[in-house]
Amino acid sequence: MNTPQAERVFVVLGALLAGYQLIAVAYAVGFGLFDSDAADAWWLGALANAAGVAFIVSGLRQRAQTPMRAGILVAIGVLPSILMFWMITPPIVALGVATYAVLNGRNRQRQLRAGT
């Protein structure tokens, strides 16, 4: 599970999901600015996606020092992508990234504690 190839795929998919959520933030902000009737609902989506991007980025940065916390942060960060179920592909990728992040973080945390 901790192969370098799997780690690269995880980082790339995490970064792509962060980019996808950043695009969703930009779209929601733009839509909220131009359509004042729907602004309240779209600002909530923009805030959730922006928080998700922050969690993903901080989780990816912390994965060497504290792998379990990093895995949890990434799993929380991809929740907005999972909640966009009507898009089909990003939620499926986000579920895979979240599962891998938590399992990989747990395994790497055990390895750090064992000293290997």
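Report follows, based on the coordinates. Fair warning: this is a prediction, and the values are worked out from it, not measured in the lab.

1. Here's the deal with empty space enclosed by the protein
Then comes step 1: If you walk through the whole model with that rule in mind, you get one cavity of 30 Å³ or more.
Then comes step 2: By volume, the largest cavity is sized at about 70 Å³.
Then comes step 3: As for the largest cavity, its lining consists of Phe 10, Gly 59, Arg 63, Pro 67, Ala 70, Gly 71, Val 74, Ala 101, Asn 104, Gly 105 and Arg 108.
Then comes step 4: Listing elements by their share of the lining of the largest cavity, those giving two or more residues are α3 (67–77) and α5 (89–114).
Then comes step 5: Among the residues making up the lining of the largest cavity, the classes are represented as five nonpolar, four polar and two charged.

2. Comments concerning the nonpolar core
Then comes step 1: With 13 residues, the main nonpolar core has Phe 10, Leu 17, Ile 56, Leu 60, Val 74, Val 78 and Val 97 as its most contacted residues.
Then comes step 2: Among the elements of the structure, α1 (4–34), α2 (39–62), α3 and α5 are those that each provide at least two residues to this core.
Then comes step 3: Top contributing element to this core by residue count: α5, with five residues.
Then comes step 4: Apart from residues no more than four positions distant in its own chain, Leu 17 is found in contact with Ile 56, Val 78, Ser 81, Pro 90, Val 93, Ala 94 and Val 97.

3. Some words on α5
Each full turn of the α-helix corresponds to 3.6 residues, which orients residues three or four apart in the same direction.
Then comes step 1: A rise of 1.5 Å per residue sets the reference length of α5, with its 26 residues, at 38 Å; its end C-alpha atoms lie 38 Å apart and thus fit the reference within 8%.
Then comes step 2: Buried residues of α5: Pro 90, Pro 91, Ala 94, Val 97, Ala 98, Tyr 100, Ala 101, Asn 104, Gly 105 and Gln 109, and no others.
Then comes step 3: Gly 115 occupies a position one or two residues after α5 and carries a positive phi of about 85°.

The rules we used
- Residues numbered from 1 in each chain as written.
- Predicted model: local features only at pLDDT ≥ 70, side-chain atom pairs only at ≥ 80, totals over all residues.
- Heavy atoms only, no water.
- 1 Å grid on protein atoms, 1.4 Å probe; cavity = no way out; pocket = protein on both sides within 12 Å on 5 of 7 lines; lining within 4 Å.
- Points joined across faces, edges and corners; volume = space filled by probe spheres on them.
- Helix = DSSP H or I, 4+ residues; strand = E, 2+ residues; numbered from the N terminus.
- Nonpolar A, V, L, I, M, F, W, Y, C, P; charged D, E, K, R; others polar.
- Core = buried A, V, L, I, M, F, W, Y, C linked by side-chain atoms within 4.5 Å.
- Buried < 20%, exposed > 50% of the residue type's maximum accessible area, 1.4 Å probe, protein only.
- Contact = heavy atoms within 4.5 Å.
- Expected span 1.5 Å × (residues − 1).

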